[in-house]
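What follows is the residue order along each chain.
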Amino acid sequence: MSSWMAIATVATATEPPTQKALAQLLGLEEASVVPLVDRLVKQQLLARVQPKEDRRKRLLVLTEQGSVAFAEVKTQADSLRAQLLADIDPEALAVTEKVLQQLLARLGSI
């Protein structure tokens, strides 16, 4: 599993996710996310924090280093996306995005 996907998912989540929630967001088993999170914590890109209201939980948050890494990669990805899509008709792109969203929704219901 890509470290980038995990970092981006945590960075863009509306609330800090648990490992279980991160696994669900990535479409993975929780057991396969544990080594990924362990590695990102060791690299000081993610941190596990304990909320005051529930000491049993561990929430995942980006560290300052993780936030910097996310911002740098996102900037590069946005630039590449702009280059790749520059010559594509916006209406055709909108149709393509709609169809892909429909396919993803169907995959989720199978």
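A brief report on the enclosed structure follows. (Residues numbered from 1 in each chain as written. Predicted model: local features only at pLDDT ≥ 70, side-chain atom pairs only at ≥ 80, totals over all residues. Heavy atoms only, no water.)

The subject of this paragraph is the overall build of the protein. The secondary structure content of the protein amounts to five helices and two strands. Ordered by position from the N terminus, the helices and strands of the protein form the series α-α-α-β-β-α-α. Over its C-alpha atoms the protein spans a radius of gyration of 17 Å, topping by over 25% the 13 Å that the globule rule assigns to 110 residues. With the C-alpha coordinates aligned to their principal axes, the bounding extent of the protein is approximately 50 × 35 × 25 Å. A buried classification covers 21% of the 110 residues belonging to the protein. (Helix = DSSP H or I, 4+ residues; strand = E, 2+ residues; numbered from the N terminus. Rg over C-alpha atoms; globule rule 2.2 N^0.38 Å. Buried < 20%, exposed > 50% of the residue type's maximum accessible area, 1.4 Å probe, protein only.)

Here we take up the side chain of D54. In this fold, D54 is placed in the loop between β1 (46–49) and β2 (59–62). There is a polar contact of 3.0 Å between the side chain of D54 and the backbone nitrogen of R56. (Polar contact = N/O pair within 3.5 Å; in protein donor to acceptor, adjacent residues only side chain to side chain.)

Our next topic: the packing of aromatic side chains. Inspection of the entire model under this criterion finds one aromatic pair. Arranged with centres 5.4 Å apart and planes meeting at 15 degrees, the rings of W4 and F70 form a pair that is stacked. You can see W4 sitting in helix α1 (residues 3–12) and its partner F70 sitting in helix α4 (residues 64–85), a full 66 residues away along the chain. (Phe/Tyr/Trp six-rings, centres within 6.5 Å; stacked < 30°, edge-to-face > 60°.)

A separate point is the nonpolar core. The tendency in soluble globular proteins is for nonpolar side chains to be buried as a group. Grouped together as the largest cluster of nonpolar side chains are 16 residues, with contacts concentrated most on A6, I7, V10, L22, L40 and L62. When contributions to this core are tallied by element, the ones reaching two or more residues are α1, α2 (19–26), α3 (30–42) and β2. Those residues in contact with L40, other than ones at most four positions away along the chain, are S3, A6, I7, L45 and L46. (Core = buried A, V, L, I, M, F, W, Y, C linked by side-chain atoms within 4.5 Å. Contact = heavy atoms within 4.5 Å.)

Moving on to the packing of α1 against α2. Packed helix pairs are characterised by how far apart their axes lie and by the angle those axes make with each other. Two elements in contact, α1 and α2, have axes whose closest approach is 10 Å; the angle formed by their N-to-C orientations is 110 degrees. By the angle between their axes, α1 is roughly perpendicular relative to α2. For α1 against α2, the interelement crossing comes out right-handed. Facing α1, whose interface residues are M5, A6, T9 and V10, α2 presents L22, L25 and L26. Of the residues that constitute the contact of α1 with α2, the class distribution is six nonpolar, one polar and no charged. (Axes fitted to C-alpha atoms, helices over the stretch in contact; angles between N-to-C directions. Parallel < 35°, antiparallel > 145°, perpendicular 65-115°, else oblique. Left-handed = near helix turned anticlockwise from the far one by under 90°. Nonpolar A, V, L, I, M, F, W, Y, C, P; charged D, E, K, R; others polar.)

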